[in-house]
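The chain contents come next:
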Protein chains: 2
Amino acid sequence: MIFMADEKKEEVKTQHADKIFQDFKEHSVADFFKKNKQMLGLSGKIKTMTTIVHEFVTNSIDACEAAGILPDLEVKINELGSEHYEIIIQDNGPGIPKKNVGQALGKLLAGTKFHKLIQARGQQGIGASGAIMFAQMSTGKPSVVESGTNKEHYTVEVGIDTKNNEPKLGEMKDLTTAFKGTKIRCQFKDIVYRKGESSPMEYLRRTAIANPHCSIKFRDPLGETFEFHRASKDIPPLPIEVQPHPRGATIDELLSMAKYSQSRKTAGFLKNDFDRMGDKAIDEIQKMVEFDLNKDPKKLSWEEAEQIIKAFKKINFIAPRTDILRPIGEERLEKSLKKIVEPEYFAVITRKPAVYQGYPFQVEVAVLYGGKAGRDNEGTETGKAIEIMRFANLAPLLFESGGCAITKAANAVEWKRYGIKDPETAPLTVLVNLVSVHIPYTGAGKTAITDEEEVFEELKLALMDAGRKISHFLTGKRVAAEKEQKRKTFLKYATEVAIALSELTGEKKEMLEKKLHELVLKRLKLEEEMSDDELRELKATEKAAQKEAWNEDDDKEEE
Amino acid sequence: MIFMADEKKEEVKTQHADKIFQDFKEHSVADFFKKNKQMLGLSGKIKTMTTIVHEFVTNSIDACEAAGILPDLEVKINELGSEHYEIIIQDNGPGIPKKNVGQALGKLLAGTKFHKLIQARGQQGIGASGAIMFAQMSTGKPSVVESGTNKEHYTVEVGIDTKNNEPKLGEMKDLTTAFKGTKIRCQFKDIVYRKGESSPMEYLRRTAIANPHCSIKFRDPLGETFEFHRASKDIPPLPIEVQPHPRGATIDELLSMAKYSQSRKTAGFLKNDFDRMGDKAIDEIQKMVEFDLNKDPKKLSWEEAEQIIKAFKKINFIAPRTDILRPIGEERLEKSLKKIVEPEYFAVITRKPAVYQGYPFQVEVAVLYGGKAGRDNEGTETGKAIEIMRFANLAPLLFESGGCAITKAANAVEWKRYGIKDPETAPLTVLVNLVSVHIPYTGAGKTAITDEEEVFEELKLALMDAGRKISHFLTGKRVAAEKEQKRKTFLKYATEVAIALSELTGEKKEMLEKKLHELVLKRLKLEEEMSDDELRELKATEKAAQKEAWNEDDDKEEE
């Protein structure tokens, strides 16, 4: 089948703009994502199931943490028919007020997190509403929400009018039980439950690893139940909102912020609305700009804002606040991982926070070697291969690994340099967690991270740090093996020497052997305790003594 | 830095829902993409430049084709300062009516293509408006649009009020020159022009390859000009809108369509609003559903719609209309590619159209071997490696190859089977073009295609077809090489035999050599013309004759 022009040339007639633009229409963001649900991670029957669980689970944990509550989650998946499931997710969070429930779950691009610089798993106000939209698209049914706050306890059906991106709410019914938290019950068709690396089960397992303060109960469609027990009872601190860091702020952002500022002077606006901005910085900026910082910030021109941004780039600001970023932490990672993986070696690297485009971020990496570390790789010498577990703000990323900055950074590391001959046979698990007040996801589906230059660089440096740790461990392991070999060799010779000496001197063989063994072990221990310099000196002394002894022998012979 | 809970435990106080939801806000799709511009492909300074060119170029070509005009494009990039550029793109399209220009270029999710099932490069109404938004974000400046339709000629400045996703238009000024088409002039900061595989130049080169009916002039920031001449003067047919194909339609879609149908009976609605739906199909559906198809389509229930969709799946519909899909075509590909690549071997595979989720799509692949085919791969034997050129609806895809179904399909092909020992050293270019009325892009940035099962399968089958073609060519090449070797060997021996015979018989060496050469060539030609069976027979006869000759000799000796 070839291009048609040749056959039907006469059909091509020029169309005027008026005619073409007769069809001009606007559409809602809900209709956009309805037609492009793959952009929300809702493509592939198995992947869709896991994405739905992901969206509700991250929402629940975020809600609990925002309220200072230790999360108790229950996830149930019931099979209702062929490719037809019911998913029920319940949390013990703060609940959703009646007046917000429609917007929160029945409208895309609405939420409490988008406009804040805060470390949260969700950040767009799309995910859960998108899942509820997909429930409606595939079954025609609204989702049933039960929620209890400190004041209200109710149930309501939630759907979406996708044409207008507005919630469709059923009748609000008050509940008599004093249930606290949120329970969402949705039905979906055209999805499939499967065990394996892309399953809800694996998603929850990884959630438990990175969130040991969560308790998660799971019942799969076969009725099997699993429980991930809470490994840490410390309530995480409330997430802290941060102001934009001046390094990386853009002119456009500065002007938007200036428009809504409470301050009457630009100096005050900069000091109040930016992170790490002290009087000294204001003085420095005043010297670099051509206008008076007493100017009303609402009246700043593009050129003036540009001068400020240029000044920002020249000033050595303190790095962004560390305490607003909350990595999982070494202690928690150790608690949750060591028990599961039982590795020979375990280490955590927590890089210092850095900034991209004004957003603070931080990378932490846990490396586990040996034991159950690595993913299964049958048919190889070790039966294992390197496993990269990706997390963004403590939420597992299971899909699109090829397009993710974490994977790209891992591929960019020369593992050979660190004593790992072939990553494809290494019993190695590398957990990478990127935390930020704004994760630069590649898409609304939040499945992978863009390789923004600064983020990629930090990821790579963190993985290289991890490489060095492993290298150190593997070198130690090799040196220990060599020592053990040396000990064995010495002891073997000691036995032989003891036999020879016993024959020469008539002394008891056992006694001689014991003494020689003691001598060898003492000497090896001495070597171990000595510094390199001391050891060199000892050996030189011994050599000299030996030479002298030979000379003495020579002298004797000459006599 | 470890998790903070341990240090500041006392700070964690429970927050109630009311307090948390005080911060509940909605945001516009423009604000969403402004904060997540990486989702529009606007991340990375070099990539952003190419993405901008891509968005305007695809818009221009689409507009020309919708109007039945042979596209003449001019792209100019001027460097205004460090990381500061002006991009000017001009086409000879139908122009934009005054009343639509704001919405078309200053509002996201508005356009003529989103709601239609039509093969076009753009399909979302996001790209060009997103680029104009980024111009404003990075420079504070609106973009200058000049446009001429059959009725109006004007210029206007276009910006975006991102908070409300509404256009901000400057004063509309009429032009006295009768310019026809659209010219957009934008300024951008924080972008960089570089030559190379990700450059606007490479993007335009590939656009020219897949769109030989386009004439494209390009001036780079150094003032160098390039011209991609039109290789084909056939005007492509106007794009044809198609109705949804019943196979793959969903209940939700059917109900949405029913709501807006002009028909008063469901039977009429199905026949008028779906592709490939004849009276026979309607009769079959009536037998399979439990209600009368005379029912008003607006009153269809979810369950009734479900019965129809179930019936759809059981009926053997004709595949979707072929003539609405417009691959590049073998002839055009040959015209544009052979001249550039000068390959030893060239072939095009055009698969039959198929359907995913109700959307017809089609895959075409061009394979080029030898000559300038393949991408440079220094340090290898051939200096070349396999090159996969990706296209979606004739528009080049330069980024995110790892996450793209085309690349995944190419990686899933066992090239060894087709005589390509190592793709990393093969002088091979594979051009893959997916055409569809709805390309399942992974994100709004349209950089990669999701691996929807049906699409992935077709891509893989097309690439395997390509593999077979190459295999056939390579086998032919090997056989030809063997023949040539045989010919050379025979001729060499013929010369030697001629010398010996000349000495024995006294005949002239030159004459003998000439006769022997003729004999050899005749024999080889005979072999070539014979079928395998004939050849076997000939050889057997010859062998027998030879044996007899030996026997004769033996007889003589015995005498």
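Reading the values: the criteria
Residues numbered from 1 in each chain as written. Chains lettered and ligands numbered in written order. Predicted model: local features only at pLDDT ≥ 70, side-chain atom pairs only at ≥ 80, totals over all residues. Helix = DSSP H or I, 4+ residues; strand = E, 2+ residues; numbered from the N terminus. Rg over C-alpha atoms; globule rule 2.2 N^0.38 Å. Buried ≥ 20, exposed ≤ 12 C-beta atoms within 10 Å, placed from the backbone. Contact = placed C-beta atoms within 7 Å. Least-squares fit on C-alpha atoms with pLDDT ≥ 70 in both. Domains from an automatic or database assignment. Nonpolar A, V, L, I, M, F, W, Y, C, P; charged D, E, K, R; others polar. Pairing = 2+ DSSP bridges. Core = buried A, V, L, I, M, F, W, Y, C linked by C-beta atoms within 7 Å. Axes fitted to C-alpha atoms, helices over the stretch in contact; angles between N-to-C directions. Parallel < 35°, antiparallel > 145°, perpendicular 65-115°, else oblique. Left-handed = near helix turned anticlockwise from the far one by under 90°. Expected span 1.5 Å × (residues − 1). pLDDT = per-residue confidence, 0-100.

## Considerations on the overall build of chain A
Here's step 1: What chain A contains, in helices and strands, is 15 helices and 19 strands.
Here's step 2: Taking 24 Å as the expected radius of gyration for a compact globule of 559 residues, we find that chain A reaches 33 Å, considerably beyond that expectation.
Here's step 3: The proportion of buried residues among the 559 residues of chain A is 47%.
Here's step 4: Counting contacts in chain A only where the partners sit at least 6 residues apart, residues at least 24 apart contribute 71% of the total.

## Some words on the relation of the copies chain B and chain A
Here's step 1: In screw terms, the move from chain B to chain A is a rotation of 180 degrees and a rise of 0.0 Å along the axis, fitting with an RMSD of 0.5 Å. Taken together, the turn and the small shift mark the pair as related by a two-fold rotation axis.
Here's step 2: Mapped onto chain A, 100% of the interface residues of chain B again fall at the interface, so both copies present the same surface.

## A closer look at the domain arrangement of chain A
Here's step 1: Domain boundaries in chain A define domain 1 (29-228), domain 2 (251-314), domain 3 (330-472) and domain 4 (476-553).
Here's step 2: Summarising the inter-unit geometry, the C-alpha centres of domain 1 of chain A and domain 2 of chain A are found 41 Å apart.

## Things to note about the interface of chain B and chain A
Here's step 1: In this complex, chain B contributes 78 residues to the contact, which on the side of chain A involves 78 residues.
Here's step 2: Put simply, the parts of the chain that give the side of chain B that touches chain A at least two residues each are α1 (17-21), β1 (25-26), α2 (29-35), α3 (45-67), α4 (98-106), β4 (110-111), α7 (251-259) and α11 (330-341) of chain B.
Here's step 3: Its residues assigned to classes, the side of chain B that touches chain A shows 32 nonpolar, 26 polar and 20 charged.
Here's step 4: Relative to β4 of chain B, strand β1 (residues 25-26) of chain A is paired through 2 bridges, and the arrangement is antiparallel. In the strand pairing of β4 of chain B, Lys25 of chain A is matched with Gly111 of chain B.

## Points about the nonpolar core
Here's step 1: The biggest cluster of nonpolar side chains holds 247 residues, and the ones touching the most others in it are Val365 and Val430 of chain A together with Val365 and Val430 of chain B.
Here's step 2: The contact partners of Val365 of chain A, leaving out residues within four places of it in the chain, are Ile349, Val430, Leu431, Val432, Ala462, Leu463 and Ala466 of chain A.

## Concerning helix α12 (residues 405-412) of chain A
Here's step 1: When we look at burial in α12 of chain A, the residues that qualify are Ala405, Ile406, Thr407, Ala409 and Ala410 of chain A.
Here's step 2: On the buried face of α12 of chain A, the contacting elements are β17 (387-392), β19 (428-436) and α13 (453-505) of chain A.

## Details of the packing of α13 of chain A against helix α14 (residues 509-529) of chain A
Residues and elements named next belong to chain A.
Here's step 1: Two numbers describe how α13 lies on α14: the axes approach to 8 Å, and their chain directions differ by 150 degrees. Put simply, α13 runs roughly antiparallel to α14. The two elements α13 and α14 cross, and the hand of that crossing is right-handed. Across the interface between the two elements, Arg487, Phe490, Leu491, Ala494, Thr495, Val497, Ala498, Ile499, Leu501 and Ser502 of α13 pack against Lys509, Leu512, Glu513, Leu516, His517, Val520 and Leu524 of α14.
Here's step 2: For the contact of α13 with α14, the per-class residue count stands at 11 nonpolar, 3 polar and 3 charged.

## With respect to unusual backbone geometry
Residue and element names in this part refer to chain B.
Here's step 1: Non-glycine residue Glu400 carries a positive phi angle of around 55 degrees.
Here's step 2: Secondary-structure assignment places Glu400 in the loop between β18 (395-397) and α12 (405-412).
Here's step 3: Accessibility expressed as a C-beta count within 10 Å gives 24 for Glu400, which makes it buried.
Here's step 4: In this structure, Lys446 is a non-glycine residue whose phi angle is positive, near 50 degrees.
Here's step 5: Checked against the element boundaries, Lys446 lands in the loop between β19 (428-436) and α13 (453-505).
Here's step 6: Under the C-beta neighbour-count criterion, Lys446 is labelled buried, with 27 such atoms within 10 Å.

## Focus: the pairing of β19 of chain B
All names here are of chain B.
Here's step 1: The buried count for β19 comes to 9 of 9 residues, which makes it a mostly enclosed element.
Here's step 2: Side chains of β19 alternate between two faces, with Leu428, Val430, Val432, Leu434 and Ser436 and Thr429, Leu431, Asn433 and Val435 buried alike.
Here's step 3: Strand direction decides the pairing type here: strand β14 (residues 359-369) and β19, joined by 9 bridges, are antiparallel. Residue Leu368 lies in a different strand from β19, and its bridge partner there is Thr429.
Here's step 4: As defined by bridge partners, strand β17 (residues 387-392) adjoins β19 across 6 bridges and the pair is classed as parallel. Bridge pairing in β19 places Met389 opposite Leu431.

## So, α3 of chain B
Residue and element names in this part refer to chain B.
Here's step 1: Over its 23 residues, α3 extends 34 Å from the first C-alpha to the last, a length consistent with the 33 Å expected when each residue adds 1.5 Å.
Here's step 2: Counting buried positions over the 23 residues of α3 gives 21, a clear majority of the element.
Here's step 3: Positive phi shows up at Gly68, right after α3, with a value of about 70 degrees.

## Considering the confidence of the model for chain A
Should the pLDDT be low somewhere, the predicted coordinates at that spot are not to be read in detail.
All names here are of chain A.
Here's step 1: Mean pLDDT over chain A stands at 88; residues scoring 70 or higher make up 94%.
Here's step 2: The low-confidence segment residues 1-10 (pLDDT under 50) makes 20 contacts with residues lying over four places distant or belonging to another chain.
Here's step 3: This prediction of the complex comes with two scores: 0.83 for pTM and 0.81 for ipTM.

## Topic: the pairing of strand β7 (residues 166-169) of chain B
All names here are of chain B.
Here's step 1: With 4 bridges connecting them, strand β6 (residues 153-161) and β7 associate as antiparallel partners. Along β7, the bridge assignment pairs Ile160 with Pro167.
Here's step 2: Counting the residues between successive antiparallel strands, the hairpin from β6 to β7 contains 4 residues, one of them, Asn165, with a positive phi of roughly 50 degrees.

## Observations concerning the environment of Glu507 of chain A
Here's step 1: Here Glu507 of chain A is to be found in the loop between α13 and α14.
Here's step 2: Apart from the residues within four sequence positions on either side, Glu507 of chain A is in contact with Leu501, Ser502 and Leu512 of chain A.

## Thoughts on the environment of Ile470 of chain B
All names here are of chain B.
Here's step 1: With respect to the element layout, Ile470 can be found in helix α13.
Here's step 2: Note on Ile470: 22 C-beta atoms within 10 Å, which makes it buried.
Here's step 3: Considering only alpha carbons, one finds Ile470 and Glu334, 136 residues apart in sequence, at a separation of 16 Å.
Here's step 4: Beyond its immediate stretch of four places on either side in the chain, Ile470 contacts Val367, Tyr369, Tyr418, Gly419 and Ile420.

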